[in-house]
There are 2 protein chains.
Amino acid sequence: MKVQRYKHDLDFSYTLGATLTYELIRCAPGSAQCVFLNSSTEKTGGIADLLASCEKYGIPVEQNDKAFHILSPKGNCFVIGMFRKDPAPIQAGSHIVLANPQDAGNLGTILRTAAGFGFHDIAIIRPAVDCYDPKVVRASMGAIFHVRVEAFDRIEDYLARFPENTRYAFMLNSSTPIRQVAKSEPFSLIFGNEATGLAEEYAHFCQSVVIPHSHDIDSLNLPIAASIAMFEFTADRWDGSAG
Amino acid sequence: MKVQRYKHDLDFSYTLGATLTYELIRCAPGSAQCVFLNSSTEKTGGIADLLASCEKYGIPVEQNDKAFHILSPKGNCFVIGMFRKDPAPIQAGSHIVLANPQDAGNLGTILRTAAGFGFHDIAIIRPAVDCYDPKVVRASMGAIFHVRVEAFDRIEDYLARFPENTRYAFMLNSSTPIRQVAKSEPFSLIFGNEATGLAEEYAHFCQSVVIPHSHDIDSLNLPIAASIAMFEFTADRWDGSAG
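Residues numbered from 1 in each chain as written. Chains lettered and ligands numbered in written order. Predicted model: local features only at pLDDT ≥ 70, side-chain atom pairs only at ≥ 80, totals over all residues. Heavy atoms only, no water.

## Regarding the overall build of chain A
Consideration 1: Looking only at helices and strands, one finds eight helices and 10 strands in chain A.
Consideration 2: Relative to a compact globule of 243 residues, whose C-alpha radius of gyration would be 18 Å, chain A shows 20 Å and is just as compact.
Consideration 3: With the principal axes as the frame, chain A shows a C-alpha extent of 60 × 40 × 40 Å.
Consideration 4: With 243 residues in all, chain A has 56% of them scored as buried. (Helix = DSSP H or I, 4+ residues; strand = E, 2+ residues; numbered from the N terminus. Rg over C-alpha atoms; globule rule 2.2 N^0.38 Å. Buried < 20%, exposed > 50% of the residue type's maximum accessible area, 1.4 Å probe, protein only.)

## Section: the sheet that holds strand S6 (residues 121–125) of chain B
Residues and elements named next belong to chain B.
Consideration 1: Spatial strand order, S7-S6-S5-S9-S8-S10: six strands in an open sheet with parallel pairing. Each edge of the sheet is formed by a strand with only one pairing partner; in this case those strands are strand S7 (148–152) and strand S10 (207–209). Pairwise comparison of adjacent strand axes, ignoring direction, gives a mean angle of 25° for this sheet.
Consideration 2: Bridge analysis of strand S8 (residues 166–170) against S10 gives three bridges, and the strand direction is parallel. Within the sheet, the bridge partner assigned to Phe170 lies in S10 and is Val209.
Consideration 3: Against the sheet, helix H4 (residues 104–116) makes contact with strand S5 (95–99), S6 and S7, and its axis sits at roughly 155° relative to S6, the strand it touches most. (Pairing = 2+ DSSP bridges. Axes fitted to C-alpha atoms, helices over the stretch in contact; angles between N-to-C directions. Contact = heavy atoms within 4.5 Å.)

## Here we look at the interface of chain B and chain A
Consideration 1: Residue-level contacts link 41 residues of chain B with 41 residues of chain A.
Consideration 2: Carbon and sulfur atoms supply 59% of the area that chain B and chain A bury against each other, a total of about 3500 Å² over both sides.
Consideration 3: At the boundary of chain B with chain A, the tally comes to four salt bridges.
Consideration 4: Here Arg179(A) ties to Asp236(B) by a salt bridge, and the two come within 3.9 Å at their closest N and O atoms.
Consideration 5: Linking chain B with chain A are 14 residue pairs in polar contact (both at pLDDT 80 or more), by the criterion used here.
Consideration 6: Take the side of chain B that touches chain A: its biggest share by element is nine residues, from helix H8 (residues 222–238) of chain B.
Consideration 7: The class makeup of the residues in the side of chain B that touches chain A is 17 nonpolar, 17 polar and seven charged. (Buried area = accessible area lost by both parts, 1.4 Å probe. Salt bridge = Lys/Arg side-chain N within 4 Å of Asp/Glu carboxyl O. Polar contact = N/O pair within 3.5 Å; in protein donor to acceptor, adjacent residues only side chain to side chain. Nonpolar A, V, L, I, M, F, W, Y, C, P; charged D, E, K, R; others polar.)

## Side note on the relation of the copies chain B and chain A
Consideration 1: Mapping chain B onto chain A is achieved by rotating through 180° and translating by 0.0 Å along the same axis, at an RMSD of 0.0 Å. Taken together, the rotation and translation describe the operation of a two-fold axis. (Least-squares fit on C-alpha atoms with pLDDT ≥ 70 in both.)

## Some remarks on the domain arrangement of chain A
Residue and element names in this part refer to chain A.
Consideration 1: Domain boundaries in chain A define domain 1 (12–84) and domain 2 (95–237).
Consideration 2: Taking the mean C-alpha position of each, domain 1 and domain 2 sit 31 Å from one another.
Consideration 3: Where domain 1 abuts domain 2, roughly 900 Å² becomes buried across the two surfaces, and 71% of that area is made up of carbon and sulfur atoms.
Consideration 4: Together, Leu16, Leu20 and Phe83 form the three largest contributors to the area buried by domain 1 at its contact with domain 2, with a combined 42%.
Consideration 5: At the junction of domain 1 and domain 2, the tally comes to zero salt bridges. (Domains from an automatic or database assignment.)

## A look at unusual backbone geometry
Consideration 1: Residue Pro186(A) is reached from Glu185(A) by a cis peptide bond, and omega for that bond is -10°.
Consideration 2: Within the secondary structure layout, Pro186(A) lies in the loop between strand S8 (166–170) and strand S9 (187–191).
Consideration 3: Omega for the bond connecting Arg126(B) with Pro127(B) falls within 30 degrees of zero, at -5°, which places this linkage in the cis form.
Consideration 4: Within the fold, Pro127(B) resides in the loop between S6 and helix H5 (134–139).

## Observations concerning the side chain of Ser140(B)
Residues and elements named next belong to chain B.
Consideration 1: Take Ser140: it is sitting in the loop between H5 and S7.
Consideration 2: Polar contacts involving the side chain of Ser140 include one to the main-chain carbonyl oxygen of Val137, which spans 2.8 Å.
Consideration 3: For Ser140, the contacting residues outside a window of four places in its chain are Gly108, Leu111 and Arg112.

## Considerations on the packing of helix H1 (residues 18–27) of chain A against helix H2 (residues 45–57) of chain A
Residues and elements named next belong to chain A.
Consideration 1: Their axes nearest at 10 Å, the elements H1 and H2 cross at an angle of 30°. As summarised for this structure, H1 and H2 are arranged roughly parallel, according to the angle between their axes. Remark: the crossing between H1 and H2 carries left-handed chirality. Of the residues in H2, those in contact with Ala18, Thr21, Tyr22 and Ile25 of H1 are Ile47, Asp49, Leu50, Ser53, Cys54 and Tyr57. (Parallel < 35°, antiparallel > 145°, perpendicular 65-115°, else oblique. Left-handed = near helix turned anticlockwise from the far one by under 90°.)

## Side note on the packing of aromatic side chains
All names here are of chain A.
Consideration 1: One pass over the structure, following the stated rule, counts 26 aromatic pairs over all chains.
Consideration 2: Clustering of aromatic rings is evident, with ring pairs tying together Phe119, Tyr168, Phe170, Phe187, Phe191 and Phe233.
Consideration 3: In this structure, Lys183 packs its charged tip against the face of Phe233, placed 5.2 Å from the ring centre. (Phe/Tyr/Trp six-rings, centres within 6.5 Å; stacked < 30°, edge-to-face > 60°. Lys NZ or Arg CZ within 6 Å of the ring centre and 35° of its normal.)

## Focus: the sheet that holds strand S4 (residues 79–84) of chain B
Residue and element names in this part refer to chain B.
Consideration 1: In spatial order, the strands read S1-S4-S2-S3; together these four strands make up an open sheet with mixed pairing. The open sheet has two free edges, formed respectively by strand S1 (12–16) and strand S3 (61–63), since each of these has just one partner strand. For this sheet, the mean angle separating the axes of adjacent strands, direction not counted, is 25°.
Consideration 2: Bridge count between S1 and S4: five bridges; the pairing is antiparallel. Counterpart to Phe12 in the pairing with S4 is Arg84.
Consideration 3: In the packing of helix H1 (residues 18–27) onto the sheet, the strands contacted are S1, strand S2 (32–37) and S4, and the crossing angle to S4 comes to about 35°.

## Observations concerning the pattern of salt bridges
Oppositely charged side chains can form a pair if their charged atoms are brought close together.
Consideration 1: Evaluation of the coordinates by the stated rule reveals 18 salt bridges over all chains.
Consideration 2: Ionic pairing is found between Arg179(B) and Glu232(B), a salt bridge with its closest N-O pair at 2.9 Å. Taken together, the residues Arg179(B) in the loop between S8 and strand S9 (187–191) and Glu232(B) in helix H8 connect sequence positions 53 residues apart.
Consideration 3: Linked through salt bridges whose partners overlap, the residues forming this network are Arg179(A), Glu232(A), Asp236(A), Arg179(B), Glu232(B) and Asp236(B).

Shown next, in the form of structure tokens:
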């Protein structure tokens, strides 16, 4: 199979690494199109399990060293999965909304936490990093196969589709600390991008909220702020259970 | 000045970028040894402010394109600071303890959150990534200049120095959810590394704690878990204030 470097307009993407590829086949076997091994991949242990799963689901396995040169030039990867993008519209319920996220690692980390705290629907306002970029897929540690991600051209388009959601906009200049805000479901937790945060206008159509911190830092890192918010808004659900 | 690539055994390190170098000079002017500009650095706006601060503190400024080739080969950086490492022993009080952190970006992000939530003392158990690695300094967004970081060869050495601290070990198999654990100051919040977490033995000398999450993910990302814990253990302090 001819392999090409990932681009946004392709209808497929890649899982770089054995664990991630295993997660693809476990969670989304219908989307998996091919698994590539290279000539130094040892077919023992976890790799043997992976190959058994491929056989079970009829997923072709191919030795293809060139795929590794193209997709993982650093050479620290011995299994690559290729999968069809299957975007599904987000559904009614509580959401995470990311306005213009730019960093692939950050988006992937947010998807991972979202899956961990039971958020299955993530809205992204363009322009934004492509959620199928292999770097996002990798940072999500496979969580991308557990959530729906839908991109909207404008925040207004998102708001019009989900008018019933209570909107919480995370803004540094808010006077409402996160612990004190009244939490009402379904809700939308809205975050700005890494460099600029949310525009002032968000305070007009959202309840603004802040995660208070000291003046030693300008802001929390975006995935950190989003994760603390996700935990805080769902902690009651998890209080009784341990993992 | 002759510039060399950063190595652990040097007694100085670097801030790569204008904002970070500004933070160095604002917070630790006595440690700053030199500021490098390259021939395309425009001396206007924030850079002019930076140069004024250098003059105020008697910090030499040098045009040195070679420094950029060596330290920031990607070419997306126009100011570099060079600073003397000034490690100080951690002090009595509540601490973050990181056993064998491996990833520079993760450590930097944890330092940033720590500074944000008022933790000024971070213990690191070796082997571990070097906290003065320029990648750590950068990911900390300058928070490294607001905290003390001390490395210990063994967890026992750390525990012997701070016997009064209540020890909380974050472990996936703990049966005590973070919201339900009795919190007693001063405390040590202890986290394992990215790949393996904490060894079972930690449960013998610590109260084990878990941040409950769904089975859709194996674990939270290390800086995410550490940040949620820092927030949860200090949230009462911040409830009344808004940033």
